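Each chain is listed here by its residues.
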Number of protein chains: 2
Amino acid sequence: MTFADRLHAAIRAKGTPALVGLDPRWEQLPAPLKAKAEAGGGSCYEIQARAFEEFCLRIIDVVADLVPAVKPQSAFFEDSGPAGVAALQRVIQAARDKGLIVICDAKRGDIGSTAEAYARAYLAGEDPSSAPFAADALTVNPYMGADTLQPFIDRAAACGGGLYVLVRTSNPGSGEFQNRLTEGQSLYQRVAEVVEKLNVDSHPARGYGSIGAVVGATYPEELGELRALMPHTPLLIPGYGSQGGTSADTSAGFDQAGLGAIVNSSRGIIFAHRKGPFAVADESHWESSVEAATRAMIDDLAQHTPAGRLQNCSQA
Amino acid sequence: MTFADRLHAAIRAKGTPALVGLDPRWEQLPAPLKAKAEAGGGSCYEIQARAFEEFCLRIIDVVADLVPAVKPQSAFFEDSGPAGVAALQRVIQAARDKGLIVICDAKRGDIGSTAEAYARAYLAGEDPSSAPFAADALTVNPYMGADTLQPFIDRAAACGGGLYVLVRTSNPGSGEFQNRLTEGQSLYQRVAEVVEKLNVDSHPARGYGSIGAVVGATYPEELGELRALMPHTPLLIPGYGSQGGTSADTSAGFDQAGLGAIVNSSRGIIFAHRKGPFAVADESHWESSVEAATRAMIDDLAQHTPAGRLQNCSQA
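Residues numbered from 1 in each chain as written. Chains lettered and ligands numbered in written order. Predicted model: local features only at pLDDT ≥ 70, side-chain atom pairs only at ≥ 80, totals over all residues. Heavy atoms only, no water.

On to the overall build of chain A, then. Secondary structure assignment for chain A yields 14 helices and ten strands. Within chain A, the fraction of its 316 residues that count as buried is 64%. Within chain A, residue pairs in contact and separated by at least 24 positions form 72% of the contacts whose partners lie at least 6 positions apart. When the accessible surface of chain A is totalled, it reaches about 10,600 Å², and 51% of it is carbon and sulfur. The positive charge centre, built from 27 side chains, and the negative charge centre, built from 36, are 2 Å apart in chain A. (Helix = DSSP H or I, 4+ residues; strand = E, 2+ residues; numbered from the N terminus. Buried < 20%, exposed > 50% of the residue type's maximum accessible area, 1.4 Å probe, protein only. Contact = heavy atoms within 4.5 Å. Areas by Shrake-Rupley, 256 points an atom, 1.4 Å probe, with all protein chains shown as cover. Lys, Arg positive; Asp, Glu negative; His and termini not counted. Charge placed at Lys NZ, Arg CZ, Asp CG, Glu CD.)

This is the structure we're talking about:
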């Protein structure tokens, strides 16, 4: 099975396109979890890595039955050095063991054999034993040119893995370079065109290919335009929740069957115990907040996007 | 001292802008070194990581007195998982202990607090104990916009570290997006303009700032143009040697004093034992090839670029 097939099977099985971003930050961890990690001793990096691992594993336990996929953010693990990276490895493995699709958000990109090394490191596709960081899919940066995406595409095709190419990112300054017009076409539109062609060329007879695109919910009009421009490209939509995007803003990213897109929420779910409708006074109950926030996101997407059609399927 | 000051002091002290890229590849390692690593046992990742570490440490021993800086390529270490990343950590530390400037080539880039995490992970600047991967400088990708560079710039300024922003990369397809013209200005020229302004704004009274630019030797005309466009920006020039760039091709990257640029060679130096003028039949003598290739590159740059003026200084 291709990544796109596996992803859509998981979305159908769970009845939702909600993606939980695993972005652990020390300051925002539940106090009891930090205290436990500190009691274990070791360097500050070891303590942080231990806390991040337990935090993510417990989130995975909560969300594994609710959502199709998780997206660990590599930066926060790298920030603890080798101990952090070892924690990332185990978090990825644990998520896969629970049947979750894992998208490693590392935004890698480089030339030739260097890109091959990154692809080997992070793309395990169907066989979790085939890469040290055994993700199903990886985020990649297109700035260096499509020739630098090819080693990732080759590896993904060989292992049943997937990619998400940055197209239109969710940050306030994303337009600075991505919106530059050349003969009436913006850079992000051109990148989108390249990604779509790569999917069509590699899967001529299929629906969705396995080379996805990252398109922020913070630019809803462009999301609809890009869905139309990339009919064979699965979308990863960041920017929902804490970054300001609403479920309605993500709506145009879906096809009529409610497929073709996954919507990420990181802070809004994993730190739900701290603020908002699911905040708790006693931080030892933080996992209830994670579960409530995840269920609320699933409902929100079901009510305000075509993904609502998925729930009817999965309940039937 | 700023990164630019430390870099230029090191270039002057060694009398050369030659930068040795540490890009270990298992297939190309000297046979005796692979055999030794295999004899140590463990998983294939542990064996590869052990071999990469010894290989890089021995290269550092050879080149530490000859060149100002080394550039480990993170991808090859990540490809061995946590064991590889631990090796990268020790390689960076060993190079710094030998007085080398370390540029970690990881091409990171992300938004907000994620970029902060990457910056904390890789930028140690003047104090090698201040980051788990204690590099002096880090390569970064600008696609997401200048707002995503700011956390890296802030960290670099705080710790005396540096950055190298991808501007015009050395790969054959680099022009696909980087050459797109908007109102007569290419994307890489626009990124260059942004980088130069960041340097001018942060170091108004200085010569070179600490936010460098990556500009490939494989596009020599653009190199001269970019040197003129970015008079306060130090350049990192890949593409010399194995990728086809000559010393003459890099010449336009220097200022009249022979400063303002460093020229990278990876395979041409670290795998010199395998082919070319310094190949050896007995691979146990591979370090002689590394030394000879490094000295040849230094001479080549001295003869065909303004960096020749540095040698007169360091000999005087």
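Moving on from the model shown.
With that settled, consider unusual backbone geometry. In this structure, K107 of chain A is a non-glycine residue whose phi angle is positive, near 45°. Structurally, the position occupied by K107 of chain A is in strand β3 (residues 101-108).

Taken together, the contact pairs 63 residues of chain B with 63 residues of chain A. Overall, the association of chain B and chain A removes approximately 5,000 Å² of surface from exposure, summing both partners, and the carbon and sulfur fraction of that is 55%. Of all residues in chain B, Y143, F177 and R180 of chain B give up the largest surface area on contact with chain A, accounting jointly for 18% of the area buried on that side. For the pair chain B and chain A, the interface holds six salt bridges. Between R108 of chain B and E78 of chain A there is a salt bridge whose closest N-O contact spans 2.7 Å. (Buried area = accessible area lost by both parts, 1.4 Å probe. Salt bridge = Lys/Arg side-chain N within 4 Å of Asp/Glu carboxyl O.)

All names here are of chain B. Among the residues making up helix α7 (residues 150-159), those that are buried are P151, F152, I153, A156 and C159. Among the structural elements, β3 (101-108), α6 (112-122), β4 (137-140), β5 (162-168), α9 (187-202) and β8 (211-215) are those in contact with the buried residues of α7. Of the residues one or two after α7, G160 is the one with positive phi, at around 75°.

Turning to the packing of helix α3 (residues 44-63) of chain B against helix α5 (residues 81-97) of chain B, a few remarks are in order. Residues and elements named next belong to chain B. Interhelical geometry of α3 versus α5 gives an angle of 10° and a closest axis separation of 8 Å. Taken together, the axis directions place α3 and α5 in an arrangement best described as roughly parallel. From α3, Y45, E46, A49, E53, C56, L57 and I60 reach across to α5, where they touch A83, G84, A87, R90, V91, A94 and A95. Among the residues making up the contact of α3 with α5, the classes are represented as ten nonpolar, one polar and three charged. (Axes fitted to C-alpha atoms, helices over the stretch in contact; angles between N-to-C directions. Parallel < 35°, antiparallel > 145°, perpendicular 65-115°, else oblique. Nonpolar A, V, L, I, M, F, W, Y, C, P; charged D, E, K, R; others polar.)

Another point: the relation of the copies chain B and chain A. Structural alignment of chain B on chain A gives an RMSD of 0.0 Å, achieved by rotating through 180° and translating 0.0 Å along the axis. The operation mapping one copy onto its partner corresponds to a two-fold rotation axis. Both copies present the same face, since 100% of the interface residues in chain B are matched by interface residues at the equivalent positions in chain A. (Least-squares fit on C-alpha atoms with pLDDT ≥ 70 in both.)

This part is about the sheet that holds strand β10 (residues 261-265) of chain B. By way of backbone hydrogen bonds, the strands of a sheet pair with one another, either parallel or antiparallel. Residue and element names in this part refer to chain B. Here we have eight strands rolled up into a closed barrel, ordered β1-β2-β3-β4-β5-β8-β9-β10, and parallel in their pairing. Recorded for the sheet is a direction-independent mean angle of 30° between the axes of neighbouring strands. The strands that helix α1 (residues 3-14) touches are β3, β4, β5 and β10; relative to β3, the one it contacts most, it runs at about 125°. Most of the contacts of α3 go to strand β1 (residues 18-22), to which it runs at about 170°, and overall it touches β1 and β2 (69-72). (Pairing = 2+ DSSP bridges.)

With that out of the way, let us pick up helix α1 (residues 3-14) of chain A. Taking 1.5 Å of rise per residue, the twelve residues of α1 of chain A would be expected to cover 16 Å, and the 16 Å separating its terminal C-alpha atoms lies within 8% of that figure. Looking one or two residues past α1 of chain A, G15 of chain A carries a phi angle of roughly 70°, positive in sign. (Expected span 1.5 Å × (residues − 1).)

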